[in-house]
Amino acid sequence: MHSKVNCILIGLYCLSAGASAQEPMDRTHLPIREPHRPLYSELDARKVRPPARFQVNAPKGAPNVVIILLDDMGFGASSSFGGPAQMSTAESLARQGLRYNHFHTTALCAPTRTALLSGRNHHVNNMGSVTETATAFPGNTGQRPLNVATIASMLRYNGYSTAHFGKNHETAAWEVSPSGPTDRWPTRSGFDKFYGFFGGETNQWAPLIYDGMSPVEVPNDSNYNFMTDMTNKAIDWVRFQQALTPNKPFFVYFAPGATHAPHHVPKEWIAKYRGKFDQGWDQLRSETLARQIRQGVVPAGTRLAPKPSDVRDWASLSPEEQRLAARQMEVFSAFAEYADFEIGRLLDSLRQQGKLDNTLVFYILGDNGTSAEGGPMGVFNELSSLNLVPETVPEMLKHYDNWGDASTYPHMAYGWAIAADTPFAWAKQVASDFGGTRNGMIVHWPKKIQKSGEIRSQFAHVIDIVPTILDAAGLPQPKTVDGIPQLPIQGKSLLPTLNNKQAATRAAQYFEMAGNRAIYKDGWFARILHRAPWSPQPREALQKEKWELYDTRNDFSLTQNVAAKHPDKVKQLDALFMSEARANHVLPIDDRSYERLNAALVGRPDLMAGRTSLTLYAGMRDMGENVFINVKNKSSSITAEVEVPAGGNGAILAQGGRFGGYSLYLKDGRPCYTYNFVGVTRTTVAASQSLPAGKATIRYEFQYDGGGPGKGGLGTLFVNGKQVAQGRIEKTQPFIFSLDETADVGCDNATPVIDDYGVRNAVFTGKIDKVVIEIQPPNGKISP
């Protein structure tokens, strides 16, 4: 007892009797270096005063920081910028803060996100596209360099607590597995906490979620939706962090999957928009522009840019087509309002804790323009369009009442994307049009913004957010992070604009995405429209294209090409673009489309490269397509060595889910194989008799017909070498099973390939020794 008291007394003495103040911290080298530890010759600690305790704290008064980044929402979608989606949280923040109507992104999700968190251009982040289409060229490898640290790392090393909730899509797809490397996972990129998903999208009703570096199962609750779940987790984290360390600032990066497809939203939100879009996308564009002009977020006299010729006039659609399309926009807008409501819950929690006044909030309404990837009439299952499988209007109308629920994986017609990007002509992916790159942004910081409710029209870019945060926190840009010299931050702080409408911002910025390219300089905007987002083919070869020129000071929506009047300006901007392109690893431009999905063709890492077999064991699960052997468009086999109980049930091996995939499983003791073709057709090859209890070898062979991608073949089931069933599978998915579902041994996670496995969560009731998948090697055969 006496020894414990002595320890406590000594500790109190040390805390109260620090010898001298800490040396000034050098915050340009992170982590901040600890001071030299003195050596002592005195035996008795009572006779020596200890040095001051080394502790890194954020600068006094440094604000909390919250970045809210919505997904696939264009300039004209939110009511806070004149759009039809009623977003009261955004409107309230705008009244109490500032709206930025010349803020820009990169035109695509992952590139915008890496640029946002690093303050450097997306090609400097090696994120010229999404990681799933990465190549071997610098600027496009899909792996953020070590000399490009994130704002999360900068703030964490300077005394902040840091957390990321929602969408990541900044980690290379082939690195998301137990094999890693995990260097670019969120919790090793500066975030203390991560709760979210890694891919470009997820099923909001049945997401694949990671907490830190571990996948977690979502509750078995029919009312579950990830949008609410991630908000609850963010609220809980901030409360916990502030309860323990109320004087320690926090950084929250809140990145919902909304409003990226699939558009998943509870029915009560959808009901609010019933009949709101029966007028169609052409009339909606006019209505939105009128509201934008009244709000002042676009100048008076702004004209609608002509929509692309591929987008049909609403009046030319049949009544059935109009009914279907209107429903799609009802669901999209409901998704936006639902997300905004949840964001409001997060901000209300900060207000209730008394933290909102000194919290710098960036509410960015989209990481690019609204997505036009749903095709001319939308899809009930996005995987259909990704596999080039057409869906007819009558087929889609069968899902009208359920559009947006767990039985659908929907996207909307691209006419709505253009409408949600009003007043511009184009959409997501098109880096050469403001419809692809201009997004509304709201900044809220009551402690510092002197005059709220105003609009800021200075040119700004997503790379300007990091230097703004550092400026607000009183922190320098780091010269080294983790011992690695850092590339300079390329953005420019927007802090002066908070209280000065005329404060200077960046003068120039390049844009490029898959050949669509542009350059901005002092109000002039030169561009090349290389390819429509719904077309795999460019309009013209890269070398033959000519620049268009616009004076954005007098032409907000890019309607008047003045290149012929200013040839010298075109030459000047052409030279500037090429200079920026060379300096930022934009060159060479890679405008290939579906070819970039082939890792071997473009030099992207592939864990399965050169392999013709993969051996798996019980418990291996959550394997995405980029880390799994590819069985598409070829002959293949699955051999499972199992021990089964009488009447056993459950999945042995499943890949994909409700909207496309396959499963080898037992049902009431019978070996079965089901192929789910884009959620429309399920073909089952099943044994007629149950297996006796005991060990068995179950083998499924698929003999592919050949003749190109997506063809059918003959499926045969064997038990202990004896054929027990055979059947035709007429069509297969040529390119992808899922963007977020996985391959699992002994279960079928997220959504199921089949509806009824006879056991909860499809968990196999027997024992799996191993499962071997083999694919036909080039010009070869699968071993029997």
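Given the structure is predicted, the values throughout are model-derived calculations rather than measurements.

Digging into the overall build of the protein chain
The helix and strand inventory of the protein chain stands at 15 helices and 30 strands. The C-alpha atoms of the protein chain give a radius of gyration of 28 Å, which matches the 28 Å a tight globule of 784 residues would have. With the C-alpha coordinates aligned to their principal axes, the bounding extent of the protein chain is approximately 85 × 80 × 50 Å. Looking at the protein chain as a whole, 59% of its 784 residues are labelled buried. With an accessible surface of roughly 31300 Å², the protein chain has 51% of that area assigned to carbon and sulfur atoms.

Examining unusual backbone geometry
With the exception of glycine, most residues fall at negative phi, and the peptide bonds are largely trans. The omega angle of the peptide bond from L30 to P31 is -5°, so this bond is cis rather than trans. Tracing the backbone shows P31 in the loop between β1 (29-30) and β2 (64-69). Note that the residue after G180, namely P181, is joined by a cis bond; omega there is 0°. Looking at the secondary structure, you find P181 in the loop between β5 (161-167) and β6 (193-197). Of note, the phi angle at N633 is positive, near 60°, even though the residue is not glycine. With respect to the secondary-structure elements, N633 resides in the loop between β20 (613-616) and β21 (636-644). A residue is classified by how much of its surface remains accessible, and N633, at 28% relative accessible area, is partly exposed.

Some points on the sheet that holds strand β17 (residues 516-521)
Hydrogen bonds between backbone groups are what pair the strands of a sheet, and the pairing can be parallel or antiparallel. Strand order in the open sheet formed by 4 strands is β16-β17-β18-β19, with antiparallel pairing between adjacent strands. The two strands at the open ends of the sheet, each matched to only one other strand, are β16 (508-513) and β19 (548-551). Within the sheet, the average angular offset between the axes of one strand and its neighbour, ignoring direction, is 15°.

Some words on the environment of W524
The residue W524 is located in strand β18 (residues 524-528) in this model. Take W524: its relative accessible area is 12%, and that puts it in the buried class. With 246 residues separating them in the primary sequence, W524 and K770 have C-alpha atoms 63 Å apart. Residues contacting W524, with those up to four places away along its chain left out, are I519, L549, Y550, D551, R553, V562, H566, K569 and L573.

As for the pattern of salt bridges
Across all of its chains, the model carries 34 salt bridges by this definition. For E175, the salt bridge identified is with R184, shortest N-O distance 2.8 Å. The exposure class of E175 is buried, given its relative accessible area of 0%. Under the relative-accessibility criterion, R184 is labelled buried at 13%. Salt-bridge contacts for K521 lead to D522; the nearest nitrogen and oxygen are separated by 2.7 Å. Accessibility expressed as a relative area gives 26% for K521, which makes it partly exposed. If you follow the salt bridges from partner to partner, you end up with D71, R113, K167 and D367 in one network.

A word on the packing of helix α2 (residues 88-96) against helix α8 (residues 319-352)
Geometry of a packed helix pair, given as the angle between the helix axes and the separation of the axes. Packing of α2 against α8 leaves a shortest axis separation of 8 Å and a crossing angle of 50°. By the angle class used here, α2 and α8 are oblique. Of α8, the residues touching α2 (which contributes S88, T89, A90, L93 and Q96) are D340, F341, I343, G344, L347 and R351. Residue composition of the contact of α2 with α8, by class: 5 nonpolar, 4 polar and 2 charged.

Focus on helix α13 (residues 465-473)
For α13, the buried fraction is high: 8 of the 9 residues fall into the buried class. Positive backbone phi, approximately 70°, marks G474, located one or two places after α13.

Concerning the side chain of R327
Position of R327 among the secondary structure elements: in helix α8. Relative accessible area serves as the criterion here: at 6%, R327 is assigned to the buried category.

Some remarks on the nonpolar core
Counting 103 residues, the largest nonpolar core has M87, F165, F254, W281, Y363, L365 and W416 as the members making the most contacts within it. In terms of residue count, α8 provides more of this core than any other element does, 14 residues in total. Dropping the residues within four chain positions of it, W281 is found in contact with V311, R312, D313, W314, L317, A325, P376, A413, G415, W416 and A419. Counting 45 residues, the second largest nonpolar core, distinct from the first, contains I67, L69, F251 and I489.

A closer look at the layout of surface pockets
Roughly 850 Å³ of internal volume is contained in the second largest pocket. Forming the boundary of the second largest pocket are 33 residues, of which A206, N220, A750, T751 and N761 lie nearest the centre. When its residues are assigned to classes, the lining of the second largest pocket shows 18 nonpolar, 7 polar and 8 charged.

Points about the state of the cysteines
The full count for this structure, using the stated rule, is 0 disulfides. C672 supplies the cysteine sulfur nearest to C747, a cysteine that is in no disulfide, at a spacing of 18 Å.

Overview of a nonpolar patch on the surface
On the surface, a cluster of nonpolar side chains totalling about 370 Å² of accessible area is made up of L388, Y594, L597 and F735. Topologically, L597 is positioned in the loop between α14 (567-583) and α15 (599-602). Of the residues examined, L597 reaches a relative accessible area of 45% and is grouped as partly exposed.

Section: the packing of helix α5 (residues 226-244) against α8
With their axes 10 Å apart at the nearest point, α5 and α8 run at an angle of 10° to one another. Our classification of the angle between α5 and α8 gives roughly parallel. Note on element contacts: α8 touches α5 through Y338, A339, E342, R345, L346, S349, L350 and Q352, opposite M227, T228, T231, N232, A234, I235, V238 and R239. Of the residues in the contact of α5 with α8, the class split is 8 nonpolar, 5 polar and 3 charged.

Thresholds, definitions, all that
- Residues numbered from 1 in each chain as written.
- Predicted model: local features only at pLDDT ≥ 70, side-chain atom pairs only at ≥ 80, totals over all residues.
- Heavy atoms only, no water.
- Helix = DSSP H or I, 4+ residues; strand = E, 2+ residues; numbered from the N terminus.
- Rg over C-alpha atoms; globule rule 2.2 N^0.38 Å.
- Buried < 20%, exposed > 50% of the residue type's maximum accessible area, 1.4 Å probe, protein only.
- Areas by Shrake-Rupley, 256 points an atom, 1.4 Å probe, with all protein chains shown as cover.
- Pairing = 2+ DSSP bridges.
- Axes fitted to C-alpha atoms, helices over the stretch in contact; angles between N-to-C directions.
- Contact = heavy atoms within 4.5 Å.
- Salt bridge = Lys/Arg side-chain N within 4 Å of Asp/Glu carboxyl O.
- Parallel < 35°, antiparallel > 145°, perpendicular 65-115°, else oblique.
- Nonpolar A, V, L, I, M, F, W, Y, C, P; charged D, E, K, R; others polar.
- Core = buried A, V, L, I, M, F, W, Y, C linked by side-chain atoms within 4.5 Å.
- 1 Å grid on protein atoms, 1.4 Å probe; cavity = no way out; pocket = protein on both sides within 12 Å on 5 of 7 lines; lining within 4 Å.
- Points joined across faces, edges and corners; volume = space filled by probe spheres on them.
- Disulfide = S-S within 2.5 Å.
- Patch = residues over 30% accessible without salt bridge, like charges linked within 9 Å, V, L, I, M, F, W, Y side chains within 5 Å.

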